[in-house]
Amino acid sequence: NAGVTQTPKFQVLKTGQSMTLQCAQDMNHEYMSWYRQDPGMGLRLIHYSVGAGITDQGEVPNGYNVSRSTTEDFPLRLLSAAPSQTSVYFCASSSRNEQFFGPGTRLTVL
Amino acid sequence: GENVEQHPSTLSVQEGDSAVIKCTYSDSASNYFPWYKQELGKRPQLIIDIRSNVGEKKDQRIAVTLNKTAKHFSLHITETQPEDSAVYFCAANPSRHGSNYKLTFGKGTLLTVNP
């Protein structure tokens, strides 16, 4: 049981490039979320999903897209990377009682 | 939307002392309040949570209290140990359904426990 996995662990992009951050969970949870963590800012919700085919925006959705074609996977797409998107990204998966975070992806946009 | 304020931003205590971290929230509909611990370079991990039908909850050296009227909740750690050193985050859910997947976080408290 791997829990929540994220790939890659580290990524460097140039401004304007696109990429997808991968997230997968093997706990059969309905709910999944993406957060970004910046120094002194806590974690901020980007997008979330309450089940396959259902997604919604969080607090800071601009510049990001998500989809949820299966229960297990919830990828986050950066359409055109900007330096302001330099951050640590955490995917989370939730049961009714607890939210479990993945190990994070550290993204740097030059 | 929900706004969560957390204080202090840094807290330094001596081993064995108690530590208290306080949070306030703005949305009176929020009804789920978790606390997370994050060690350097690691993922946040849930340490305790409370729902709005409960005023206090304890788990060994950790306790959380909730005052819904005043819209604030606090984390209490007793008999602190060096391994308690970490960043602690409070959070609230801006939902009437007690969900835990759509959280608004405070900005964190860096707790340092000095041996």
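Scroll up to find the structure.
Notes on the structure in this doc start here. (Residues numbered from 1 in each chain as written. Chains lettered and ligands numbered in written order. Predicted model: local features only at pLDDT ≥ 70, side-chain atom pairs only at ≥ 80, totals over all residues. Heavy atoms only, no water.)

1. Topic: the environment of Gln 57 of chain A
All names here are of chain A. Note the following rule: Runs of E in the DSSP output that reach at least two residues are strands. Runs of H or I that reach at least four are helices, and both are numbered from the N terminus. The classification of residues rests on relative accessible area computed with a 1.4 Å probe and restricted to protein chains. Under 20% of the type maximum is buried, over 50% is exposed, and intermediate values are partly exposed. By definition, residues are in contact when any of their heavy atoms lie within 4.5 Å.
Position of Gln 57 among the secondary structure elements: in strand 6 (residues 54–57). Relative accessible area serves as the criterion here: at 52%, Gln 57 is assigned to the exposed category. The spatial distance from the C-alpha of Gln 57 to the C-alpha of Phe 10 is 25 Å, given a sequence separation of 47 residues. Here Gln 57 is in contact with Ile 46, His 47 and Tyr 48, once residues within four sequence places are set aside.

2. Focus on the pairing of strand 3 (residues 19–25) of chain A
All names here are of chain A. Where we set the bar: In this analysis, strands are considered paired if DSSP registers two or more bridges between them.
Only one face of strand 3 is covered, namely the face carrying Met 19, Leu 21, Cys 23 and Gln 25; the face carrying Thr 20, Gln 22 and Ala 24 is uncovered. Both strand 1 (residues 4–7) and strand 3 contribute to a ladder of four bridges, which runs antiparallel. For Val 4, the partnering residue across the bridge sits in strand 3 and is Gln 25. Strand direction decides the pairing type here: strand 3 and strand 8 (residues 76–78), joined by three bridges, are antiparallel. Each residue of the ladder has a partner; that of Met 19, found in strand 8, is Leu 78.

3. Focus on the state of the cysteines
What we call a disulfide is simply a covalent bond connecting the sulfur atoms of a pair of cysteines. What counts here: Defined by distance alone, a disulfide is two cysteine sulfur atoms within 2.5 Å.
According to the stated counting rule, one finds two disulfides over all chains in the structure shown. Between the sulfur atoms of Cys 23 of chain A and its disulfide partner Cys 91 of chain A the distance amounts to 1.8 Å. Between Cys 23 of chain A and Cys 91 of chain A, the S-S torsion sits near -70°, and that sign places the bridge as left-handed. In this pair, Cys 23 of chain A sits in strand 3 while Cys 91 of chain A sits in strand 9 (residues 87–94), placing the two residues 68 residues apart along the sequence. Exposure remark for Cys 23 of chain A: the relative accessible area of 2% places this residue in the buried category. Note on cysteine connectivity: Cys 23 of chain B is disulfide-linked to Cys 90 of chain B, with sulfurs 1.9 Å apart. Across the S-S bond of Cys 23 of chain B and Cys 90 of chain B the torsion is about -100°, and the bridge reads as left-handed.

4. Details of unusual backbone geometry
The phi torsion of most residues other than glycine is negative, and most of the peptide bonds are trans. Here the residue pair Thr 7 of chain A and Pro 8 of chain A is connected by a cis peptide bond, since its omega of -5° sits within 30 degrees of zero. Secondary-structure assignment places Pro 8 of chain A in the loop between strand 1 and strand 2 (10–13). Following His 7 of chain B, the chain continues to Pro 8 of chain B via a peptide bond in cis, the omega torsion being -5°. Looking at where Pro 8 of chain B falls in the secondary structure, it is placed in the loop between strand 1 (4–7) and strand 2 (10–14). Phi angles above zero are rare outside glycine, and Lys 71 of chain B is one such case at about 60°.

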